[in-house]
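Observations on the three-dimensional arrangement
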Protein chains: 2
Amino acid sequence: MTEPSSALPVTPSDIDLAARVVAPFAVRTPLLSFPILDERAGTRVFLKPEMLQRTGSFKFRGAFNRLSAIPRDKFGGGVVAYSSGNHAQGVAAAAKILNMRATIVMPSDAPMTKRERTKGYGAEVVLYDRDREDREAIAHEIAGKRGATLVRPYDDPFVIAGQGTVGREIAEDMAALGIAPDIVVAPASGGGLVAGVATAIKARYPQAVLMSAEPEGFDDHARSLRAGKREAHHAEGRTICDALMAAIPGEITFAVNSKLLSHGVTASDAEVGAAVGFAYRELKLVVEPGGAIGLAALLAGRIDARGKNVVIVLSGGNVDADLFAKLVA
Amino acid sequence: MTEPSSALPVTPSDIDLAARVVAPFAVRTPLLSFPILDERAGTRVFLKPEMLQRTGSFKFRGAFNRLSAIPRDKFGGGVVAYSSGNHAQGVAAAAKILNMRATIVMPSDAPMTKRERTKGYGAEVVLYDRDREDREAIAHEIAGKRGATLVRPYDDPFVIAGQGTVGREIAEDMAALGIAPDIVVAPASGGGLVAGVATAIKARYPQAVLMSAEPEGFDDHARSLRAGKREAHHAEGRTICDALMAAIPGEITFAVNSKLLSHGVTASDAEVGAAVGFAYRELKLVVEPGGAIGLAALLAGRIDARGKNVVIVLSGGNVDADLFAKLVA
């Protein structure tokens with residue numbers, strides 16, 4: 001078997017190892033299919049529902065793999081992370097299992113659900129102003145003061161390898177079905193999830209076409225993949241995809257993604273809202289806006305999927321009840 | 001292997017056959033587990049999420065198995081059914097696949113979601129007044145006029161065998177995990193689902209304790225199981241569990257359930273609402289009130305589950321968006 005990604009910062013073997021590390025604690029999420037979705041998309045679609053993961057998103061996988069790799073003599077200092085919400089919960093839940101202290105730097109406009117759940121796992125939450133303060137600087141200061149280990153949300157090989165277990169499970173389940181995936185789509189903010197997924201999928205299915213999915217405007221991966229180098233998006237303001245607002249792809253993640261991804265797709269907030277409503281009504285799944293971005297792109301006809309076997313990663317389901325009610329009304 | 005139910009109106013072999021009939025069209029739903037649910041319940045819990053089934057509830061299984069058994073020379077007359085909503089959709093979707101005409105008699109207060117979805121499958125919907133009209137009489141009249149086959153919602157061996165495929169899949173998946181289920185709970189209205197599930201589970205796990213779950217007041221199964229004979233419930237008015245309002249267990253279903261079930265459990269509407277909210281927040285699953293009745297009983301401490309391996313059937317997810325928003329707020 002060729003391993004096209006063996007020279008990259010994260011290898012399929014790193015993901016195999018991560019799978020062993022996270023197995024006792026992460027949920028082995030199923031691969032789902034729905035006749036009504038196949039009809040709507042005009043092709044066979046398989047969903048990887050990471051909202052069913054511990055903490056309600058895939059982020060637990062990478063966080064647990066990263067924390068498990070911290071040397072024992074550093075455990076006492078605990079961990080610090082910055083995150084708009086899902087990485088926060090992943091780190092907090094992993095730290096609780098490993099008996100480590102966790103401090104999370106979160107934007108003050110993060111969904112209440114995400115803030116409350118992060119505290120619920122026993123982490124200390126420090127809020128900052130998204131427009132005026134530098135979350136990395138705040139996190140570095142806390143790390144320095146406490147001897148804590150900084151857990152980056154995506155630009156870390158252990159984090160990417162942990163997220164790659166999502167792709168490894170997809171590959172295993174598709175192999176068990178005897179169906180080769182033609183297209184695999186995963187949401188991208190900093191790009192850790194799609195990098196890990198691409199590494200695992202390409203190891204088993206080198207012909208598969210991998211795509212990042214982003215909110216319209218917040219399309220730094222789509223731009224960077226076109227340009228062949230890291231480029232920031234030009235968006236100002238907000239998107240309902242609160243989890244997908246990173247300004248520019250990560251350095252390590254883009255080293256992977258520039259090699260393994262075909263291109264990036266986007267969807268508008270209106271298309272994302274429609275996808276969240278479709279998932280509620282027809283799939284009976286609670287997907288947060290950012291988690292539904294790939295499904296939104298598919299349903300909006302932004303992926304040339306006809307006749308192809310398409311896998312879409314639904315990355316999380318942590319959405320405030322009032323926004324959810326509005327989107328499904 | 002002992003087959004305690006081999007002398008009953010539905011046998012494990014009937015369910016094996018039903019599994020072959022429905023396999024090309026029904027979704028093989030996974031068995032899910034969630035660390036947060038295990039923690040909350042203080043034991044290992046496995047959920048069978050039938051809201052992920054075609055039409056959003058288990059009812060498609062029984063309906064498709066029943067319609068497939070109609071002699072070819074009766075296909076032209078189509079089918080007629082009465083239902084508060086989920087059986088309606090199951091029959092309508094099965095009829096569409098089999099190219100049969102379907103007429104469904106539904107109460108005028110059935111959730112709009114269920115009425116609209118039934119029409120969406122191409123069925124003709126005839127509304128009746130739940131308090132003043134006799135749905136069976138209306139259905140019989142239509143059946144007589146059109147030469148249509150009446151598809152009963154539960155008191156039919158083919159329907160029960162179809163619903164039994166839920167239990168057959170649970171037994172297969174638990175066997176694959178190497179874990180024997182100690183307790184299996186399924187919602188009961190007419191009792192077809194729990195009868196089929198009990199038949200399949202008991203065939204493989206004779207020691208398993210089977211329970212029906214009903215809304216408080218609408219406890220005809222709990223009463224009947226205590227009395228050893230079919231007894232109606234004494235409730236007046238409504239419950240939010242619109243799918244679980246049948247007045248008395250079915251004759252055929254009770255012949256099965258009186259032999260195979262241990263007893264019935266109940267939960268209040270408030271407990272059901274809390275379970276729907278828990279499923280939204282923590283499991284990221286859309287469960288309709290009636291579908292959450294077993295989970296509600298578990299979370300409310302109404303099942304002596306500690307240290308036991310518990311399987312709960314979540315039977316459906318067809319809930320109006322405004323009620324859902326209220327329950328998860």
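In this report, the structure presented in the accompanying data block is examined. Numbering of residues starts from 1 in each chain and follows the order in which that chain's sequence is written. Key to labels: chains lettered from A, ligands numbered from 1, both in the order written. Predicted model: local features are reported for residues with pLDDT of at least 70 only, side-chain atom pairs are reported and counted for 80 or more only, and whole-chain, interface and lining totals are derived from all residues. Calculation of side-chain values draws on the structure's entire complement of heavy atoms; hydrogens and water are dropped beforehand.

What follows is about the overall build of chain A. Only DSSP runs of H or I with at least four residues qualify as helices, and only runs of E with at least two residues qualify as strands; both kinds are numbered from the N terminus onward. Looking only at helices and strands, one finds 13 helices and nine strands in chain A. Here the radius of gyration uses the C-alpha set of atoms, whereas the globule reference equals 2.2 Å times the residue count to the power 0.38. Relative to the compact-globule value of 20 Å for 329 residues, chain A shows a C-alpha radius of gyration of 18 Å, a close match. The dimensions of chain A, computed from C-alpha atoms along their principal axes, are 55 × 50 × 40 Å. Whether two residues are in contact is decided by their heavy atoms: any pair within 4.5 Å suffices. Within chain A, contacts between residues at least 6 apart in sequence are counted, and of these 73% link residues at least 24 apart.

This paragraph deals with the packing of helix α4 (residues 86–97) of chain B against helix α5 (residues 112–120) of chain B. Residues and elements named next belong to chain B. In contact at an axis separation of 9 Å, α4 and α5 are set at 10° when each is read in the N-to-C sense. If you check the angle between α4 and α5, you find them roughly parallel. Listed contacts from α5 to N86, A88, Q89 and A92 of α4 are K114, R117 and T118. Here the contact of α4 with α5 is composed, by residue class, of two nonpolar, three polar and two charged. Between N-to-C directions, angles span 0 to 180 degrees; the directions come from axes that are lines fitted to C-alpha atoms, helices contributing only their stretch in contact. With respect to orientation, any angle under 35 degrees is reported as roughly parallel, any angle over 145 as roughly antiparallel, any angle of 65 to 115 as roughly perpendicular, and every other angle as oblique. Think of it as three bins: nonpolar holds Ala, Val, Leu, Ile, Met, Phe, Trp, Tyr, Cys and Pro, charged holds Asp, Glu, Lys and Arg, and polar takes everything else, Gly as well.

Our focus in this paragraph is the relation of the copies chain A and chain B. Copy-to-copy superposition: least squares on the C-alpha atoms, limited to residues that have pLDDT of at least 70 in both copies. Under the fitted operation, chain A is carried onto chain B by 0.0 Å of movement along the axis and a turn of 180°, and the coordinates agree to an RMSD of 0.0 Å. The two molecules are tied by a two-fold rotation axis, judged by turn and shift.

Now for the nonpolar core. Buried Ala, Val, Leu, Ile, Met, Phe, Trp, Tyr and Cys residues that are joined via side-chain atoms within 4.5 Å together make up what is termed a nonpolar core. Only protein chains enter the calculation, and the probe is 1.4 Å; a residue is then buried if its accessible area is under 20% of its type maximum, exposed if over 50%, and partly exposed in between. A:L285 and B:L285 are the most contacted members of the largest nonpolar core, which has 80 residues in total. Beyond its immediate sequence surroundings of up to four residues, A:L285 is in contact with A:L32, A:F34, A:M51, A:A279, A:Y280, A:L314, B:L52, B:K284, B:L285 and B:V286.

Residues and elements named next belong to chain B. Within the open sheet, the four strands sit side by side as β4-β3-β2-β5. Their pairing is parallel. Since the sheet does not close on itself, it has two edges, and those belong to β4 (124–128) and β5 (149–150), each with one partner. Across two bridges, the pairing between strand β2 (residues 79–82) and β5 is parallel. Looking across to β5, one finds that V79 is bridged to T149. Only strands that DSSP links by at least two bridges are regarded as paired with each other.

Here we come to the interface of chain A and chain B. One frequent convention defines the size of an interface as the accessible area lost when the parts assemble. Facing 29 residues of chain A, the contacting portion of chain B comprises 29 residues. Values labelled buried area give the accessible surface lost by two parts on being combined, using a 1.4 Å probe and summing over both. The contact between chain A and chain B buries some 2100 Å² in all, and 63% of this surface belongs to carbon and sulfur atoms. Considering only the surface of chain A that becomes buried against chain B, A:L52, A:Y280 and A:K284 emerge as the three largest contributors, covering 31% of it. By definition, a salt bridge exists where a carboxyl oxygen of Asp or Glu is found within 4 Å of a side-chain nitrogen of Lys or Arg. Taken together, the links from chain A to chain B amount to two salt bridges. With its nearest N and O atoms 3.1 Å apart, the salt bridge here joins B:E282 to A:R117. A 3.5 Å cut-off defines polar contacts: any pair of N or O atoms within that distance qualifies, except that in protein one atom must be a possible hydrogen donor and the other a possible acceptor, and neighbouring residues in sequence count only when both atoms are side-chain atoms. In this assembly, chain A and chain B are joined by twelve residue pairs in polar contact (both at pLDDT 80 or more). Of the residues belonging to the side of chain A that touches chain B, the class tally is 18 nonpolar, four polar and seven charged.

On to the environment of A:M211, then. Residues and elements named next belong to chain A. Note that M211 resides in strand β7 (residues 209–215). Among the residues examined, M211 registers a relative accessible area of 5% and is labelled buried. When the C-alpha atoms of M211 and D38 are compared, they prove to be 19 Å apart, with 173 residues separating the residues in sequence. In contact with M211, other than residues within four places in its own chain, are I183, V184, V185, A186, V194, H263, V265 and I303.

What follows is about the pattern of salt bridges. Tallying each qualifying case throughout the model produces 46 salt bridges over all chains. A salt bridge links A:R101 to A:E124; the nearest nitrogen and oxygen atoms lie 3.8 Å apart. You can see A:R101 sitting in the loop between α4 (86–97) and β3 (102–107) and its partner A:E124 sitting in strand β4 (residues 124–128), a full 23 residues away along the chain. The exposure class of A:E124 is partly exposed, given its relative accessible area of 36%. Of the charged contacts, one joins A:E141 and A:K145 as a salt bridge, the two residues approaching to 3.5 Å between their closest N and O atoms. Within this pair, A:E141 and its partner A:K145 are both found in helix α6 (residues 135–146), separated by four residues, close to a single helical turn. Its relative accessible area of 49% is what places A:E141 among the partly exposed residues. For A:K145, a relative accessible area of 66% translates into the label exposed. Among the charged side chains, a network of salt bridges with common partners joins B:D16, B:R28, B:K48, B:E50, B:R61, B:R168, B:E169, B:E172 and B:D173.

With that settled, the discussion passes to the packing of aromatic side chains. To pair, rings of Phe, Tyr and Trp, with the six-membered ring standing in for Trp, must have centres within 6.5 Å; the planes then decide the type, stacked if under 30 degrees apart, edge-to-face if over 60, and tilted in the middle. This structure, assessed with the given rule, holds nine aromatic pairs over all chains. With centroids separated by 5.0 Å and ring planes inclined at 45°, the aromatic side chains of B:F25 and B:F64 adopt a geometry described as tilted. Of this pair, B:F25 sits in the loop between α1 (12–22) and α2 (35–41) while B:F64 sits in helix α3 (residues 59–68); the two residues are 39 residues apart in sequence, bridging distant segments of the chain. By relative accessible area, which is 30% here, B:F25 ends up partly exposed. The class for B:F64 is buried, based on a relative accessible area of 2%. Linked through ring pairs, A:Y280, A:F324, B:Y280 and B:F324 together constitute an aromatic cluster.

What the largest pocket holds in volume is close to 1300 Å³. Taken together, 43 residues form the lining of the largest pocket, with A:R28, A:P30, A:L31, B:P30 and B:L31 sitting closest to its centre. If you list the elements that add at least two residues to the lining of the largest pocket, you get α2 (35–41), β1 (44–49) and α7 (157–177) of chain A together with α2, β1 (44–49) and α7 (157–177) of chain B. Residue classes in the lining of the largest pocket are distributed as 29 nonpolar, four polar and ten charged. Every definition here rests on a 1 Å grid over the protein atoms only: cavities are sets of points where a 1.4 Å probe fits but cannot get out, pockets are open sets enclosed by protein on both sides within 12 Å along at least five of seven lines, and lining residues have some atom within 4 Å of a point. Grid points are joined across faces, edges and corners, and a volume is the space filled by probe spheres set on the points.

Residue and element names in this part refer to chain A. Spatially, the five strands line up as an open sheet ordered β1-β9-β6-β7-β8, and their pairing is parallel. Bordering the open sheet on either side are β1 and β8 (263–267), each of which pairs with just one other strand. Strand-to-strand twist of the sheet, defined as the mean angle between neighbouring strand axes without regard to direction, takes the value 25°. Direction of pairing for strand β6 (residues 183–187) relative to β7: parallel, over a ladder of five bridges. Of the residues in β7, the one forming a bridge with A186 is S212.

What follows covers the side chain of A:S212. Summarising the element assignment, A:S212 is placed in strand β7. Setting aside residues up to four positions removed in sequence, A:S212 forms contacts with A:A186, A:A188, A:V194, A:H221, A:L225, A:L261, A:H263, A:G264 and A:V265.

Residues and elements named next belong to chain A. A helix is expected to reach a length of 1.5 Å times the quantity of its residues less one. Relative to the 16 Å expected for twelve residues at 1.5 Å per residue, α6 spans 17 Å between its end C-alpha atoms, a close match to the ideal helical length. Along α6, the positions that sit buried rather than exposed are I138, A139, I142 and A143. Angular distribution of buried residues about the axis of α6 spans 135°; they occupy a single face of the element. In α6, those exposed residues whose orientation departs by more than 90 degrees from the buried face are G144 and K145. Buried-residue contacts for α6 involve β2 (79–82), β3, β4 and β5 (149–150). Near the N-terminus of α6, the side chain that reaches the backbone nitrogen of E136, with its oxygen 2.9 Å away, is that of D134. Positive backbone phi, at 70°, marks G147, one or two positions downstream of α6. Directions pointing from the helix axis toward each C-beta atom define the arc.

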